[in-house]
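# Per-entry structural report
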Amino acid sequence: NDVSKMIAKGFIFKYFVINGTFAGRRDVNFIGGTGSYIDGTGTINIVNLVKGLNINGNTEIKSTAKLVVTYYIKLASDVVVTNYGEVNINNHLYGTNSNSEWINGAGSKVSASGTVMSTGKLTASASGNTVEFQNSGTQNIKTPTSNTFHHLIISGADQKTMYSDLTINGNLTISSSLSCNNYDITLKGNWSNSNTFVPGTGTVTISGTGQQKINNILGETFYNLTINKSSGCFELVSGDVTVTDTL
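Residues numbered from 1 in each chain as written. Predicted model: local features only at pLDDT ≥ 70, side-chain atom pairs only at ≥ 80, totals over all residues. Heavy atoms only, no water.

## So, the overall build of the protein
Per the secondary structure count, the protein includes one helix and 32 strands. What you see for the protein is a C-alpha radius of gyration of 20 Å, in line with the 18 Å of a compact globule of 247 residues. Each principal axis of the C-alpha atoms in the protein carries an extent, and together these give about 70 × 30 × 30 Å. Of the roughly 11,000 Å² of accessible surface on the protein, a fraction of 47% belongs to carbon and sulfur atoms. Of the side chains in the protein, 16 bear a positive and 15 a negative charge, and the two mean positions are spaced by 12 Å. (Helix = DSSP H or I, 4+ residues; strand = E, 2+ residues; numbered from the N terminus. Rg over C-alpha atoms; globule rule 2.2 N^0.38 Å. Areas by Shrake-Rupley, 256 points an atom, 1.4 Å probe, with all protein chains shown as cover. Lys, Arg positive; Asp, Glu negative; His and termini not counted. Charge placed at Lys NZ, Arg CZ, Asp CG, Glu CD.)

## Focus on the sheet that holds strand E18 (residues 139-140)
Hydrogen bonding along the main chain pairs the strands of a sheet, whether they run parallel or antiparallel. Reading across the sheet, the four strands line up as E18-E21-E24-E27 and stay open at both edges, with parallel pairing between neighbours. Each having just a single partner strand, E18 and strand E27 (196-198) make up the two edges of the open sheet. (Pairing = 2+ DSSP bridges.)

## Points about the environment of Gly 219
With respect to the helices and strands, the residue Gly 219 is situated in the loop between strand E29 (212-215) and strand E30 (220-227). Considering only alpha carbons, one finds Gly 219 and Thr 242, 23 residues apart in sequence, at a separation of 7.6 Å. Apart from residues lying up to four places away in sequence, Gly 219 is in contact with Gly 239 and Asp 240. (Contact = heavy atoms within 4.5 Å.)

## A word on the environment of His 92
If you trace the backbone, His 92 turns up in the loop between strand E12 (86-89) and strand E13 (93-95). Between the C-alpha atom of His 92 and that of Ser 77, which follows or precedes it by 15 residues, the distance is 16 Å. Of the polar contacts made by the side chain of His 92, one reaches the side chain of Asn 91; its length is 3.0 Å. (Polar contact = N/O pair within 3.5 Å; in protein donor to acceptor, adjacent residues only side chain to side chain.)

## Let's talk about the pairing of strand E9 (residues 66-69)
By the alternation rule, side chains of E9 split into Leu 67 and Val 69, which are all buried, and Lys 66 and Val 68, of which none is buried. Looking at chain direction, strand E6 (residues 43-46) and E9 are connected through two bridges and run parallel. Bridging from a neighbouring strand, Thr 43 pairs with Val 68 of E9. Pairing of E9 with E12, which is carried by four bridges, proceeds in the parallel orientation. Bridge pairing links Val 68 to Asn 88 in E12. (Buried < 20%, exposed > 50% of the residue type's maximum accessible area, 1.4 Å probe, protein only.)

## Examining the pairing of strand E10 (residues 72-75)
Consecutive residues of a regular strand have side chains that alternate between opposite faces of the sheet. Bridge analysis of strand E7 (residues 52-55) against E10 gives four bridges, and the strand direction is parallel. Across the sheet, residue Ile 55 finds its bridge partner in E10, namely Leu 75. Of the pairings in the sheet, the one linking E10 to E13 comprises three bridges and is parallel in character. Paired with Lys 74 across the strands is Tyr 94, a residue of E13.

## A word on the nonpolar core
The biggest cluster of nonpolar side chains holds 53 residues, and the ones touching the most others in it are Ile 73, Trp 102, Leu 172 and Trp 191. Looking at this core, the element that brings in the most residues is E10, giving three residues. Residue contacts for Leu 172: discarding those within four places in its chain leaves Leu 152, Ile 154, Leu 178, Ile 185, Leu 187, Asn 190, Trp 191 and Ser 192. (Core = buried A, V, L, I, M, F, W, Y, C linked by side-chain atoms within 4.5 Å.)

## Looking at a nonpolar patch on the surface
A surface patch of nonpolar side chains, amounting to about 380 Å² of accessible area, comprises Ile 227, Phe 234, Leu 236 and Leu 247. The class for Leu 236 is partly exposed, based on a relative accessible area of 44%. (Patch = residues over 30% accessible without salt bridge, like charges linked within 9 Å, V, L, I, M, F, W, Y side chains within 5 Å. Salt bridge = Lys/Arg side-chain N within 4 Å of Asp/Glu carboxyl O.)

## Focus: the sheet that holds E10
The parallel open sheet is built from five strands, whose spatial order is E1-E4-E7-E10-E13. Each end of this open sheet is capped by a strand with a single partner; those strands are strand E1 (11-12) and E13. As paired strands, strand E4 (residues 28-30) and E7 are joined by three bridges and run parallel to one another. In the strand pairing of E7, Phe 30 is matched with Ile 55.

Here you go:
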């Protein structure tokens, strides 16, 4: 029938629940729209490496979702995807126009090994959400809405580079190389670095209201470091801190 033909061609309509592996060699086109959602704890395995998951209407990713997408996720023009679950993308996450938007909801996580919303908007300020830049090569840090992340993880290999000042309301975790590219970081959570931070001429401001920690067993180097706390303590957990310009 017509519906089975559409599924065979990679068209999926209002609900897409993946438990196990959904495998294919062509684009998966999720129609989306009002009330649509994606859920499940499985893998969308696109064997053809020029294909991926296209989301063509506004969509919610459920909080129970824990999904792996083996190639890209692409948002159509003006489409908003609100993620409440955990999505690991082995390639790009991007939009079609400037109104395409990926929103990380409270407690969610998105990890990407390619570009992150190089076209479109990334909103990642909700409480407890995490964005992870995990490419094995170089990667640009997408500037999110209001320049604000909650938790930010820098992983994989090679250097990840900032292109604007950033506010991080939660924790910054660095296990790859992070270059601030002479921009500033305002941090309201903990700083944990097991790799390399390249400070340039930027300023790191520690400004949370609770206890905050800097942890780098090999020692951390900042250009400018500002401690601006109205409450709570500031703790050096391990390693020395060197400030090359102004403390």
